[in-house]
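Here's the letter readout for the chains.
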Amino acid sequence: MVQPNIIKLVDGEKGNRIKITALHLDGVMRRRLLDLGFVKGAIVEVVRKSPLGDPIAFRVSQTTIALRKEESSKIEGELVSNGE
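Source: prediction; values computed, not measured.

Caption draft 1: Molecular detail of the overall build of the protein. From N to C terminus, the protein includes two helices and six strands. Moving toward the C terminus, one meets the helices and strands of the protein in the order β-β-α-β-β-β-α-β. Computed over the C-alpha atoms, the radius of gyration of the protein is 12 Å, within 12% of the 12 Å expected from 2.2 N^0.38 for a compact globule of 84 residues. With respect to the three principal axes, the spread of C-alpha positions in the protein is 35 × 30 × 20 Å. A fraction of 59% describes how many contacts in the protein between residues 6 or more apart in sequence connect residues 24 or more apart.

Caption draft 2: Summary view of the sheet that holds strand β5 (residues 63-67). In spatial order, the strands read β1-β6-β2-β3-β4-β5; together these six strands make up an open sheet with antiparallel pairing. A strand with exactly one partner marks an edge of an open sheet, and here the two such strands are β1 (6-8) and β5. Strand-to-strand twist of the sheet, defined as the mean angle between neighbouring strand axes without regard to direction, takes the value 40 degrees. The pairing of strand β2 (residues 17-23) with strand β6 (residues 75-80) spans six bridges and is classified as antiparallel. Paired with lysine 19 across the strands is glutamate 78, a residue of β6. In the packing of helix α1 (residues 27-36) onto the sheet, contacts are made with β2, β4 (56-60), β5 and β6, and the angle to β2 comes to roughly 145 degrees.

Caption draft 3: Summary view of the pairing of β6. Strand direction decides the pairing type here: β1 and β6, joined by three bridges, are antiparallel. When the bridges of β6 are listed, isoleucine 6 appears paired with glutamate 78.

Caption draft 4: Highlighting the environment of glycine 15. Its location among the elements puts glycine 15 in the loop between β1 and β2. It is 6.3 Å that separates the C-alpha atoms of glycine 15 and glutamate 45, two residues lying 30 residues apart in sequence.

Caption draft 5: Main features of the side chain of glutamate 71. With respect to the secondary-structure elements, glutamate 71 resides in helix α2 (residues 69-72). Only 2.7 Å separates the side chain of glutamate 71 from the side chain of arginine 68, close enough to count as a polar contact. Excluding residues within four positions of it along the chain, glutamate 71 makes contact with Leu25 and Met29.

Caption draft 6: Structural view of the environment of lysine 14. Among the structural elements, lysine 14 can be located in the loop between β1 and β2. Sequence separation between lysine 14 and valine 47 is 33 residues; the distance between their C-alpha atoms is 5.6 Å. Excluding its chain neighbours within four sequence positions, the residues that come into contact with lysine 14 are Val46 and Val47.

About the thresholds
- Residues numbered from 1 in each chain as written.
- Predicted model: local features only at pLDDT ≥ 70, side-chain atom pairs only at ≥ 80, totals over all residues.
- Heavy atoms only, no water.
- Helix = DSSP H or I, 4+ residues; strand = E, 2+ residues; numbered from the N terminus.
- Rg over C-alpha atoms; globule rule 2.2 N^0.38 Å.
- Contact = heavy atoms within 4.5 Å.
- Pairing = 2+ DSSP bridges.
- Axes fitted to C-alpha atoms, helices over the stretch in contact; angles between N-to-C directions.
- Polar contact = N/O pair within 3.5 Å; in protein donor to acceptor, adjacent residues only side chain to side chain.

Structure below.
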């Protein structure tokens, strides 16, 4: 069986598509991200990284959202191919 390629959103490169598997956030930030579409199973695309890597723009549910390293490092997902 092939192990899925699990990475944190912060480690994604421009153009990567990541299927969310876990959110390690609590409280208001967790609720806000869930409301924005960062839910388990959602496909997130890395749209743009700033030169210093903070913040990073992601596309989820037809919306582009910028997250700081602090938040994006607490979201894990499986790297998926562009054909999925």
